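# Survey of secondary and tertiary structure
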Amino acid sequence: MRTYVVTGSASGIGKATADLLVERGDRVIGVDLRDADVEVDLTTADGRERLVTEVNRLSGGSIDGILAIAGLAVPAPATVGVNYFGMVATLEGLRPLLLESDAPRAVGVSSMASLQPSDTRLVDLELAGDEPAALARAAELAAGAETANLIYSSTKVGFARWIRRHAALPEWAGAGIPLNAVAPGVILTPMVAPLLATDEGRSMIEQAVPMPLNGFAEAIVVARLLAWLAGPENSHLCGQVVFVDGGSDVVIRGERVW
């Protein structure tokens, strides 16, 4: 039996992943704002510190996998706090607990939105680790009708680039820990339900996120990929952002993959 930490475990992709791992006989320490083993707010420094403290206590000091899934999709600074800084803090803060595992694994969630327009300044501030300035920049973007939608995509670009920067370093690959990410397309979760509630909204999403292979996906589709990436079978994937998007990446980028 392996022990996994799953953030965002109370709903959506996080819940589907936690449920799948438990069904397979593994132990899950769920993390979310509520209805979880560890209830914390990952937009705050206190919440991130408490995450590490509580997971350390509940696990006895050793875990086998981190699945950083918690995220927001609102045009507000909080999205930056969770999707980038909370994601990175989860992976970095819990990484020492992986070191006693025979097959340590770590995976986070980017998005096909990383292919969409983003704000270069916000991405640069994220990667520089300057959270106050990044939140201030997000507030500026949120105030503009034409720029607010850049916040979400910028967090996903930033996180994908963080994965690429860190996966091959001594503390990850050098310690035998595969570090990767998934990039979902439109997944049928409570987070996107409001966007799909009207014909107009659904049409807008279909145009922005073309998914020619089987259309919008259920959360379990992403959960299965996350579970494999966090499992012992995954020994050599390093720094990959794996698109599970029904073909959006192919439609948008075509043959251009680098």
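Above this text sits the structure in question.
Summary of the structure given here. (Residues numbered from 1 in each chain as written. Predicted model: local features only at pLDDT ≥ 70, side-chain atom pairs only at ≥ 80, totals over all residues. Heavy atoms only, no water.)

## Some details on the nonpolar core
Judged by nonpolar contacts, the single largest core of 65 residues is most densely connected at Val-55, Leu-67, Leu-91, Phe-159, Trp-162 and Leu-226. Sequence-distant contacts of Trp-162, defined by excluding residues within four places in its chain, comprise Tyr-84, Val-88, Leu-91, Glu-92, Leu-127, Trp-172 and Leu-179. Core analysis: the second largest hydrophobic core is formed by 8 residues, Met-112, Ile-205, Val-209 and Met-211 among them. (Core = buried A, V, L, I, M, F, W, Y, C linked by side-chain atoms within 4.5 Å. Buried < 20%, exposed > 50% of the residue type's maximum accessible area, 1.4 Å probe, protein only. Contact = heavy atoms within 4.5 Å.)

## Section: the pairing of strand E1 (residues 3-7)
Most of E1 is tucked away: 5 of the 5 residues are buried. Alternating positions in E1 separate into two faces, Thr-3, Val-5 and Thr-7 on one and Tyr-4 and Val-6 on the other, with burial throughout. In the classification by handedness, the crossover that spans E1, the intervening helix H1 (residues 12-23) and the parallel strand E2 (residues 27-32) is right-handed. When E1 meets strand E4 (residues 65-68), the two strands line up parallel, connected through 3 bridges. Residue pairing across strands places Tyr-4 opposite Gly-65, the latter belonging to E4. (Helix = DSSP H or I, 4+ residues; strand = E, 2+ residues; numbered from the N terminus. Right-handed = clockwise from strand over helix to strand, strands pointing away. Pairing = 2+ DSSP bridges.)

## Details of the environment of Gly-185
Relative to the elements of secondary structure, Gly-185 occurs in the loop between strand E6 (179-184) and helix H7 (199-208). With a relative accessible area of 15%, Gly-185 lands in the buried category. Distance in space between the C-alpha atoms of Gly-185 and Val-209 is 6.9 Å, their sequence separation being 24 residues. In this view, Gly-185 contacts Met-112, Val-209, Met-211, Val-244 and Asp-245; residues no more than four positions away in its chain are not counted.

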